[in-house]
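Overview (structure and organization)
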Amino acid sequence: MKLEVDRVSKHFGATAALDGLSLHLGEARVLVLIGPSGGGKSTLLRVLGGLEVPDAGSVQVNDHRLSADPAFLQAYRRRNGFLFQQFNLFPHLDARRNITLPLEKVHGHDPTAARELADQALGRFGLLEHAAKLPAQLSGGQQQRAGIARAFAFSPEILFLDEPTSALDPEMTAEVLELIQELAEAGQDIILSTHEMGFAKAVADQVAFVAAGKIEECQPPGRLFASPDSPACQRFLSRVMRY
Ligand SMILES: Nc1ncnc2c1ncn2[C@@H]1O[C@H](COP(=O)(O)OP(=O)(O)OP(=O)(O)O)[C@@H](O)[C@H]1O
Ligand SMILES: [Mg+2]
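A general feature of soluble globular proteins is that nonpolar side chains tend to end up buried together. Core analysis: the largest hydrophobic core is formed by 65 residues, its most contacted members being V32, A149, V207, A208 and F209. When residues of this core are sorted by domain, at least three fall in each of domain 1 (29–53 + 68–80 + 158–243) and domain 2 (88–155). Residues in contact with F209, not counting those within four places in the same chain, are I34, G35, I215, E216, E217, S230, C233 and F236.

What follows is the structure in C-alpha cells.
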C-alpha cells in the first residue's frame, strides 16, 4: 500500500486527536502504529479507513484521494476490512452469521455465496468447528480470530486492526500474530495499532510512532527499535521495553 497523509488534524471538542499529522509511505505490506495511550492511533486508523473525516489536511491511500463526500466514503469503507478495540462481533449471532450478515447486507452477496466465503474464512482461521457458537461461547482468541475472519472474508484492499491482541493471553497473542503474518505473506495489506512491542517488531514492515496527534517517526522495525531518532520515541521505548 501507499500512503500520502499531509498535515491532517482532527479535533473532538477542545482535544486535538490528530494535530497536523503527516506520513509518506512509498510501499509497505504491514504498517504498525505504536505510541502512548491517547496519542491518536485509533483516530488515525479511523481516518485512513474513511470512518472519520479530518478537519484539515489531505489523505491519499493507494490511488484513493479521500474526500468528505458521503457517497465516496461509503464506497471507500466497503473496500476495507476493520477490527476495532471494542464492538467486534454481534453478541446475538453465531460466528458464521457474524460473517455472512455483512457479506449479504454490505457487500451484496447472496446467502449461498456468503456462506461459502464465510466457511472459507472460518476454515482458514481454524474456526469451522466453532461456526455455530455465539461470541460468548468462544474464547477471547477465538473471538478475535472470528473478528479478523469477518474483516478478511470479502478480500479487503486494506485490513485495519485496532489492537488485535488486546485482552489476549500470550499464547493467543502468538496465535493472532501467526494469523496476521500468514495474511501478510499471502499479500494482504494491513495497518494495525498495538501496545505490544514484540508483536510490532515481528509483524511490521514499517513502524510509525504516534504521539500527541503526530507521527514523530516511521522506520522499519529493526531501525526504529534499535535506534529511534526522535527523543519522544526514545523515551517511550525506554519506558515500555523495561518490563
Ligand atoms: N469520539 C471521541 N470523542 C472525544 N474524544 C475522542 C474521541 N476519540 C478520541 N478522542 C480523544 O482523542 C485522543 C486520541 O485518541 P485515540 O483513541 O486516537 O488514541 P490511541 O492512541 O488510540 O489511544 P489508546 O492507545 O489508548 O487506544 C484522546 O485524547 C481521546 O480522548
Ligand atoms: Mg486506540
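This part covers the site of ligand 1. The full set of residues close to ligand 1 is F12, T15, A17, G35, S37, G38, G39, G40, K41, S42 and T43. Looking at the shell around ligand 1, the elements that each hand over two or more residues are β2 (15–25) and α1 (41–48). Element by element, the count of residues in the shell around ligand 1 is highest for α1, at three residues. Of the residues in the shell around ligand 1, the class split is two nonpolar, eight polar and one charged.

In terms of domain boundaries, the protein breaks down into domain 1 (29–53 + 68–80 + 158–243) and domain 2 (88–155). One C-alpha centre belongs to domain 1, the other to domain 2; they are set 24 Å apart. In terms of residues, the side of domain 1 that touches domain 2 owes the most to one element, helix α6 (residues 170–185), which gives five residues. Grouping the constituent residues of the side of domain 1 that touches domain 2 by class yields eight nonpolar, no polar and two charged.

Moving on: α1. Buried residues dominate α1, accounting for eight of its eight residues. Buried residues of α1: K41, S42, T43, L44, L45, R46, V47 and L48, and no others. At the exit of α1 stands G50, carrying a positive phi of roughly 80°.

Reading the values: rules and limits
Residues numbered from 1 in each chain as written. Chains lettered and ligands numbered in written order. Predicted model: local features only at pLDDT ≥ 70, side-chain atom pairs only at ≥ 80, totals over all residues. Core = buried A, V, L, I, M, F, W, Y, C linked by C-beta atoms within 7 Å. Buried ≥ 20, exposed ≤ 12 C-beta atoms within 10 Å, placed from the backbone. Domains from an automatic or database assignment. Contact = placed C-beta atoms within 7 Å. Near = placed C-beta within 6 Å. Helix = DSSP H or I, 4+ residues; strand = E, 2+ residues; numbered from the N terminus. Nonpolar A, V, L, I, M, F, W, Y, C, P; charged D, E, K, R; others polar.

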